[in-house]
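Residues per chain are reported as follows:
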Amino acid sequence: MRSHRCGELRSDAIGKEVALCGWVHRRRDHGGLIFIDLRDISGLAQVVFHPDNKKVFQEAKGLRGEFVLRVRGKVQRRPKGTENPNLATGEVEIVCDSFETFNPSETPPFEVEEQTTASEEVRLAYRYIDLRRENMKKNLILRHRVTQRVRNFLDREGFIDVETPILTKSTPEGARDFLVPSRLSPGTFYALPQSPQLFKQLLMVSGLDRYFQISRCFRDEDLRADRQLEFTQIDIEMSFPEEKTFFELMDRLLKDVFENASDLIGKKLDCTFQRMTYQEAIDRFGADSPDLRFGVELQDLTDLLRDCGFKAFESVASSGGRILGINAPGGVKLSGKQIEKLREEVKERGAPDIASFKYEKGELVSPFSHFFRKESLAKVQKKLGIGQHDLALIVAAKDPFNWQALGRVRDCLKEKNYLEDVLLKGKEKECRFVWIIDFPLFIRDDEGNIVSSHHPFTAPHPEDVPRLEKTGEELLAVRSRAYDLVLNGIELGSGSVRIHDRGVQEKIFEKLKLSKQEQESRFGFLLKAFQYGAPPHGGIAFGLDRLVAILVDFREEKFSDTEQATSIREVIAFPKTQKGSCPLTIAPSDVPREKLKELGLK
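Residues numbered from 1 in each chain as written. Predicted model: local features only at pLDDT ≥ 70, side-chain atom pairs only at ≥ 80, totals over all residues. Heavy atoms only, no water.

Enquirer: Hey, could you run me through the nonpolar core in this one?
Expert: Grouped burial of nonpolar side chains is what soluble globular proteins tend to show. Core analysis: the largest hydrophobic core is formed by 55 residues, its most contacted members being Ile236, Leu253 and Phe258. Ranked by residue count, the leading element in this core is helix H6 (residues 243-259), at eight residues. The contact partners of Ile236, leaving out residues within four places of it in the chain, are Leu154, Phe159, Lys200, Tyr211, Phe212, Phe246, Met250, Leu253, Gly539, Ile540 and Phe542. (Core = buried A, V, L, I, M, F, W, Y, C linked by side-chain atoms within 4.5 Å. Buried < 20%, exposed > 50% of the residue type's maximum accessible area, 1.4 Å probe, protein only. Helix = DSSP H or I, 4+ residues; strand = E, 2+ residues; numbered from the N terminus. Contact = heavy atoms within 4.5 Å.)

In structure tokens:
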């Protein structure tokens, strides 16, 4: 049907008869000549219609944008001075001998251009048109390239791609399951997998040694820019792992992916990797997913302000709380509205308020600095290194609220319209990976119950296994062999070394208040497998959607105001909205009563 793709023609094709198929991207009538840009996935080709070919010329007057054509003609060099250096095919054009219209098109709801002002709702309702745009096409090609690099790398390293079930058993994974009623066993339900967690562990018990899967996962949870009800993860598991060796292997995988995406991104990315304990991340940055492209580290000012004259701070210090501060470089330019936003962020995380001080005439000043002893503020200024254009931001509260609150302030300073231009100047394209290790094995939920920090199949730190006999705060001090990989403040993947001993697994279930009957009902198959020679094993899952969205955000082209490069919806062909609906297919939808009756549902 076609001899070439539109974007393939170069000067070496001059004089050849070709056939092209594609969409009319633009049509231009220059009096005596008609031009169209014909578009397919490979790019654009300019087609010219001469009045000498009267029938074809007359028919070309009726062509409009997004008509689907096949064009036949001869390739010629564009007249001197009309070349387009910004187009790969810019040296040549096709003189049309004949064309065939496969399908006309109504006027699209928005133009098929790189930039658009159409709302996301409209774009998703007409996604098949939205995907014709150059930016969206590049996103999906980049996604394809990433998955191919991952597959090829893991294949070279001896990993085997294995599919695991989609219809499975409901198990706790930290979010709600999507349930599927069984017609063959009325009253019972399958669950769509939140992850292949238990099956990949069973594959290790089966002796497969190294497994991976580009897996579809489902979680019935509220949506955000980086969340979808259904998503894709790069799922990896291996037997006999050592954290050091495993981290180095994953470092090489991510470096391979990022460096080989450079041609589609438009710039070579510089990747660095380091490791940091959970406690160090909290102490220095107030978060377990720190952006290491800039400093602004938390400093403990408790001892300096224990006797500072300001009663609110002194009260916190005397009651066992902490006083923490950061230096916001260039922070004097923050507006009153931005400072108020920071105060709201602090209060949302349980701290009472945030105090801000700027540097004037050799000392820290604020509307209430007269409450402080000058020598106390001088010590704070010296420890934080506050300079002429900087701002000292201080939070006083009981743990852990002050760490969380000031960590969030640090993140806000990086956000647009705050201090991003100061903090990230010249570092926007850096890729600072950090492995966060030694997470707590247990945490308390909002009701005060002890729950797993990651999931209940995570192995405890070998040195802390005896502490599993403890209760209360001593139990919360048990470290896990869990780890997260964070890139520029974004969690890219999460994993752990798993429990492979039935006794230890039962002990963890016991601490989570699962009865013997519940353990057997939910996880009996896993516990039984551990009795037949389960090897030490561990792995990780990287969010593919999030990974590709990050790469898109590194791309040189800027998106329009209505598009967010960091939203994973921009790198998924047919995503859901933030309300979990599909404007294209109008899903979710009602089903006929007869269908419900078949499933035994009312």
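Enquirer: What exactly am I supposed to notice about the confidence of the model for the protein here?
Expert: Detailed reading of the predicted model is not advised wherever pLDDT is low. In the predicted model, the protein carries a mean pLDDT of 93, and 98% of its residues have values of at least 70. Across residues 558-565 the pLDDT falls below 50, and counting only partners more than four positions away or on other chains, this stretch makes 24 contacts in the model. (pLDDT = per-residue confidence, 0-100.)

Enquirer: Sorry, what's going on with the pattern of salt bridges here?
Expert: Side-chain pairs of opposite charge can arise where the charged atoms are in close proximity. If you walk through the whole model with that rule in mind, you get 52 salt bridges. The closest approach of N and O atoms between Glu237 and Lys200, which form a salt bridge, is 3.7 Å. Within this pair, whereas Glu237 is found in strand S10 (residues 230-239), its partner Lys200 is found in helix H5 (residues 197-205), the two being separated by 37 residues in sequence. When sorted by exposure, Glu237 lands in the same class as Lys200, which is buried. Salt-bridge contacts for Glu221 lead to Arg227; the nearest nitrogen and oxygen are separated by 3.6 Å. A relative accessible area of 26% means that Arg227 is categorised as partly exposed. Three or more residues joined by partner-sharing salt bridges are found here, namely Lys341, Glu345, Glu348, Arg349, Arg408 and Glu415. (Salt bridge = Lys/Arg side-chain N within 4 Å of Asp/Glu carboxyl O.)

Enquirer: Is there a simple way to think about the sheet that holds strand S14 (residues 354-360) in this case?
Expert: Consider a sheet: its strands pair through backbone hydrogen bonds, and that pairing is either parallel or antiparallel. With antiparallel pairing, five strands are arranged side by side in an open sheet as S12-S13-S16-S14-S15. The open sheet terminates on both sides in strands that have one partner only, identified here as strand S12 (299-300) and strand S15 (363-365). Against the sheet, helix H13 (residues 401-414) touches strand S13 (322-328), S14 and strand S16 (391-397), its axis set at about 10° to S13. (Pairing = 2+ DSSP bridges. Axes fitted to C-alpha atoms, helices over the stretch in contact; angles between N-to-C directions.)

Enquirer: In this structure, what is going on with the sheet that holds strand S1 (residues 17-30)? I would like to understand it.
Expert: Strand order in the closed barrel formed by five strands is S1-S2-S3-S5-S4, with mixed pairing between adjacent strands. Each neighbouring strand pair of the sheet contributes to a mean axis angle of 55°, computed without reference to strand direction. Inspection of the sheet shows strand S3 (residues 43-49) paired to strand S5 (residues 92-103) by two bridges, in the parallel sense. Counted as the bridge partner of Val47 is Ile94 from S5.

Enquirer: Got a minute to help me understand the environment of Lys358 in this structure?
Expert: Considering the arrangement of structural elements, one finds Lys358 in strand S14. Exposure remark for Lys358: the relative accessible area of 37% places this residue in the partly exposed category. Distance from Lys358 to Phe310, taken between C-alpha atoms, is 17 Å for residues 48 residues apart in sequence. Polar contacts involving the side chain of Lys358 include one to the side chain of Glu360, which spans 3.3 Å. (Polar contact = N/O pair within 3.5 Å; in protein donor to acceptor, adjacent residues only side chain to side chain.)

Enquirer: In this structure, what is going on with the pairing of S10? I would like to understand it.
Expert: Regular strands place their side chains on alternate faces of the sheet. The buried fraction of S10 amounts to nine of the ten residues, a majority that puts the element mostly inside the structure. Direction of pairing for strand S9 (residues 210-218) relative to S10: antiparallel, over a ladder of nine bridges. Paired with Phe218 across the bridge in S10 is Glu230. Judged from the seven bridges that link them, S10 and strand S22 (residues 537-543) form a sheet pairing that is antiparallel. Paired with Ile234 across the two strands is Phe542, which belongs to S22.

Enquirer: Looking at this model, I keep getting lost on the packing of H5 against helix H17 (residues 516-529). Mind explaining?
Expert: How two helices pack is summed up by the angle between their axes together with the distance between the axes. Across the interface, H5 lies against H17 with an axial gap of 10 Å and an inter-helix angle of 20°. Between H5 and H17, the angle falls in the class roughly parallel. Regarding H5 and H17, the two cross each other, and that crossing is left-handed. Residues Leu198, Gln201, Leu202 and Val205 of H5 touch H17, and the partners they reach there are Phe523, Phe525, Leu526 and Ala529. (Parallel < 35°, antiparallel > 145°, perpendicular 65-115°, else oblique. Left-handed = near helix turned anticlockwise from the far one by under 90°.)

Enquirer: Is there a simple way to think about helix H16 (residues 502-511) in this case?
Expert: Owing to its 3.6 residues per turn, the α-helix aligns residues three or four sequence positions apart on the same side. For H16, every residue scored as buried is listed here: Gln505, Glu506, Lys507, Ile508, Phe509 and Lys511. Check the buried side of H16 and you find it contacts strand S18 (442-444), strand S19 (450-452), helix H15 (472-476) and H17. Between the side-chain oxygen of the N-cap and the backbone nitrogen of Gly503 there are 2.9 Å, and the N-cap of H16 in question is Asp501. Backbone geometry just downstream of H16 places Lys513 in the positive-phi region, at approximately 65°.

Enquirer: Would you explain the environment of Phe554 in this entry?
Expert: Mapping Phe554 onto the fold places it in the loop between helix H18 (544-553) and helix H19 (593-598). The exposure class of Phe554 is buried, given its relative accessible area of 5%. The residues touching Phe554, leaving out its near neighbours within four places in the chain, are Phe258, Ile265, Leu269, Glu428, Lys429, Glu430, Cys431 and Asn488.

Enquirer: Whenever I open this one, unusual backbone geometry confuses me. Can you help?
Expert: Excluding glycine, residues mostly carry a negative phi; peptide bonds, for their part, are mostly trans. Look at the link from Ala587 to Pro588: it is a cis peptide, with omega at 0°. Among the structural elements, Pro588 can be located in the loop between H18 and H19.

Enquirer: Please clarify how helix H11 (residues 336-348) should be interpreted in this entry.
Expert: Here H11 spans 19 Å end to end across 13 residues, near enough to the 18 Å set by a 1.5 Å rise per residue. Check the buried side of H11 and you find it contacts S14, S16 and H13. Of the residues trailing H11, Gly350 is marked for its positive phi of about 90°. (Expected span 1.5 Å × (residues − 1).)

Enquirer: What is the right way to read the packing of aromatic side chains from this model?
Expert: Enumeration over the complete set of coordinates arrives at 20 aromatic pairs. Measuring from centroid to centroid gives 5.8 Å for Phe357 and Phe368, while their planes differ by 70°, and the two rings are edge-to-face. Taken together, the residues span a long stretch of sequence, with Phe357 in strand S14 and Phe368 in the loop between S15 and helix H12 (374-384) at a distance of eleven residues. You can call Phe357 buried: its relative accessible area is 0%. Site record: aromatic cluster; members linked through ring pairs are Phe310, Phe313, Phe357, Phe368, Phe371 and Phe372. The ring of Phe294 carries Arg410 above its face, with NZ or CZ at 4.1 Å from the centroid. (Phe/Tyr/Trp six-rings, centres within 6.5 Å; stacked < 30°, edge-to-face > 60°. Lys NZ or Arg CZ within 6 Å of the ring centre and 35° of its normal.)

Enquirer: Is there a simple way to explain a nonpolar patch on the surface in this structure?
Expert: Among the surface-exposed residues, Val122, Tyr126 and Tyr128 lie close enough to one another that they form a single nonpolar patch of about 260 Å² accessible area. Relative to the elements of secondary structure, Tyr128 occurs in helix H3 (residues 127-130). With a relative accessible area of 43%, Tyr128 lands in the partly exposed category. (Patch = residues over 30% accessible without salt bridge, like charges linked within 9 Å, V, L, I, M, F, W, Y side chains within 5 Å. Areas by Shrake-Rupley, 256 points an atom, 1.4 Å probe, with all protein chains shown as cover.)

Enquirer: In this structure, what is going on with the packing of H11 against H13? I would like to understand it.
Expert: Viewed as axis vectors pointing N to C, H11 and H13 meet at an angle of 145°, and their least axial separation amounts to 8 Å. Like other packed secondary-structure pairs, H11 and H13 cross with a definite hand, here right-handed. On H13, the residues touching Leu342, Glu345 and Val346 of H11 are Ala405, Arg408, Val409, Cys412 and Leu413. Tallied by class, residues from the contact of H11 with H13 come to six nonpolar, no polar and two charged. (Nonpolar A, V, L, I, M, F, W, Y, C, P; charged D, E, K, R; others polar.)

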